Amino acid sequence: ALRQAVERSELRVHYQPQVSLNGDTGLSGFEALVRWEHPERGLIDASEFVSLAESTGLIVPIGLWVLGQALRQVSRWRETRPGVTVSVNLSARQLADPALPANLATAIRDSGADPGVLYLEVTEDAVEKDPELAGRMLAAFDQLGVKLVVDDFGTGHSSLQSLRHLPLEEIKIHPSFVSGLGANPDDAALLGALVELGHALGVTVIAEGVETDTQLAHLRDLGCDGAQGYLFSRPLPEEGVLALLGAGSN
Ligand code: C2E
Ligand code: MG
Ligand code: MG
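Residues numbered from 1 in each chain as written. Chains lettered and ligands numbered in written order. Predicted model: local features only at pLDDT ≥ 70, side-chain atom pairs only at ≥ 80, totals over all residues. Heavy atoms only, no water.

Undergrad: Just to check I follow, could you spell out the coordination of the magnesium ion (ligand 3) for this structure?
TA: Between any two of four tetrahedral donors, the ideal angle at the metal is 109.5 degrees; between two of six octahedral donors, it is 90 or 180 degrees. The magnesium ion (ligand 3) binds to the protein through Asp151 (OD), Asp152 (OD) and Glu208 (OE); the donor distances cover 2.1 to 2.4 Å. As a motif over one chain, the donors of the magnesium ion (ligand 3) read D-D-x55-E. (Donors = N, O, S within 2.8 Å, 3.2 Å for Na, K, Ca; no water.)

Next comes the structure, spelled out in C-alpha cells:
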C-alpha cells in the first residue's frame, strides 16, 4: 500500500515551526515531516510508516521527493520572510545511497534556493552505523553549502570523538530530556549539561517536544538556543504555513 501511495500521490509534507530563544522569541524555520493521506485511514504520521519505508528502501525516492517539496516551499516562504530556513530528515538508508549528493545538488539547483537555507537532520545512530561513509556523505553536503544537524541527540550511540569531527551546525535534543523540566531537578541539570556540551562543540542547541510554558522557561534559563514543539505549533500543511507567515508577527 505504501508503494502505491507513492504512485497515487498520497504523500504530503507538513512543516513544524522552530523558534529561536536567543533574544526575542521568533520563528527561525520549519522542519519538513512526511505524512500519508490514506484514503480510508486519514492522515498518518511519519512515526507510523517511516521505518517501513526504510526497510523497503522506499525512503530513498520518498526522501528525495520530500527534499524537492521542502526546497520549493522555502524559496516561496523567503519571499515574505527572508531569514526562514527548512530542515529535512535523512535516514541511514538514504545516507547509504551513493547517488544522494548528486541528487541533492540537482534538487537545490532546480529549486533556485540558496543551499544555506537547507538543514539536513541525521540521527547519531545513522552516523554510527557506518561512520566512514557518513563522514564522507556529510562532508559532501557541507561542500554543497547545506547545514548539518544531529537529530534526537542524547538517545543514540555516537561518540563525542566522531561528532567533534563532523561539520555540524546544530543539535536537536530529544524530547525525553525536555519532558521532565520543572518536575525533576535532575532533568534540568542534565539538559543544562547537554546545552553546554553543544556549545563546547560550537553548535546551536534546539530542544524538541516542548509542550509547556514551564519547560520553555527552563530552556531559556539553561541557555538553549531554540525550541520546537506543540507549545508553539503542531506540524502544519502548506496552507497553514502560508497563513502563519502572512499573519505578520512572529
Ligand atoms: P523527528 O525528526 O525527531 O521529528 C519530530 C517528531 O516529533 C515528529 O513526529 C513531530 O510531529 C513530533 N512532535 C513535534 N513536536 C512534538 C511535541 O511537542 N510533542 C510530541 N509528543 N511530539 C512532537 P513525526 O512527524 O511522526 O515523525 C517521526 C520521525 O519520522 C521523525 O522524528 C523523523 O525521524 C522521521 N521522519 C519524518 N519525516 C521524515 C522524512 O521526510 N524523511 C525521513 N527520512 N524521516 C522522516
Ligand atoms: Mg527531525
Ligand atoms: Mg528528533
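Following the structure, the description resumes.
Undergrad: Explanation requested: unusual backbone geometry in the structure shown.
TA: The phi angle of most residues is negative, glycine excepted, and most peptide bonds adopt the trans form. At serine 9, a residue that is not glycine, the phi angle is positive and equals roughly 55°. Tracing the sequence through the fold places serine 9 in the loop between α1 (2–7) and β1 (11–20). (Helix = DSSP H or I, 4+ residues; strand = E, 2+ residues; numbered from the N terminus.)

Undergrad: Would you mind going over the side chain of glutamate 121 with me for this structure?
TA: By the element assignment, glutamate 121 lies in strand β5 (residues 118–123). Only 2.6 Å separates the side chain of glutamate 121 from the side chain of lysine 172, close enough to count as a polar contact. Not counting residues up to four positions away in its chain, the partners in contact with glutamate 121 are Glu31, Ser87, Val88, Asn89, Leu90, Val149, Asp151 and Lys172. (Polar contact = N/O pair within 3.5 Å; in protein donor to acceptor, adjacent residues only side chain to side chain. Contact = heavy atoms within 4.5 Å.)

Undergrad: Looking at this model, I keep getting lost on the pattern of salt bridges. Mind explaining?
TA: Opposite charge on two side chains permits them to pair, given that their charged atoms come into close proximity. Following the criterion strictly, the structure yields four salt bridges and no others. Residues glutamate 37 and arginine 12 are paired through a salt bridge, measuring 3.0 Å at the closest nitrogen-oxygen approach. Here glutamate 37, found in strand β2 (residues 26–38), pairs with arginine 12, found in strand β1; they are 25 residues apart in sequence, far enough to count as distant. Ionic contacts of the salt-bridge type, sharing partners, join the residues Glu31, Glu121 and Lys172 into one network. (Salt bridge = Lys/Arg side-chain N within 4 Å of Asp/Glu carboxyl O.)

Undergrad: For this particular structure, what's the right way to read the coordination of the magnesium ion (ligand 2)?
TA: Within the first shell, the magnesium ion (ligand 2) binds the protein through Glu31 (OE), Asn89 (OD1), Glu121 (OE) and Asp151 (OD), at distances of 1.9 to 2.2 Å. Expressed as a motif, the donor residue spacing for the magnesium ion (ligand 2) is E-x57-N-x31-E-x29-D. A spacing of 4.1 Å is found between the magnesium ion (ligand 2) and the magnesium ion (ligand 3), which share aspartate 151 as a donor. One end of the pair, asparagine 89, is in strand β4 (residues 85–89); the other, glutamate 121, is in strand β5, with 32 residues separating them in the sequence. According to the relative accessible area criterion, glutamate 121 is buried, its value standing at 1%. (Buried < 20%, exposed > 50% of the residue type's maximum accessible area, 1.4 Å probe, protein only.)

Undergrad: Explanation requested: the site of ligand 1 in the structure shown.
TA: The environment of ligand 1 is formed by 25 residues, the closest being Arg35, Asn89, Asp151, Glu211 and Tyr230. Measuring from a nitrogen atom of ligand 1, one finds a side-chain N or O atom of glutamate 211 at 2.5 Å. Protein chains shield 82% of the accessible area of ligand 1, which is 810 Å² for the free molecule. Put simply, the parts of the chain that give the shell around ligand 1 at least two residues each are β2, α3 (59–80) and β6 (147–153). When residues in the shell around ligand 1 are grouped by element, the largest group, four residues, is from β2. Here the residues of the shell around ligand 1 sort into 10 nonpolar, seven polar and eight charged. (Near = heavy atom within 4 Å. Areas by Shrake-Rupley, 256 points an atom, 1.4 Å probe, with all protein chains shown as cover. Nonpolar A, V, L, I, M, F, W, Y, C, P; charged D, E, K, R; others polar.)

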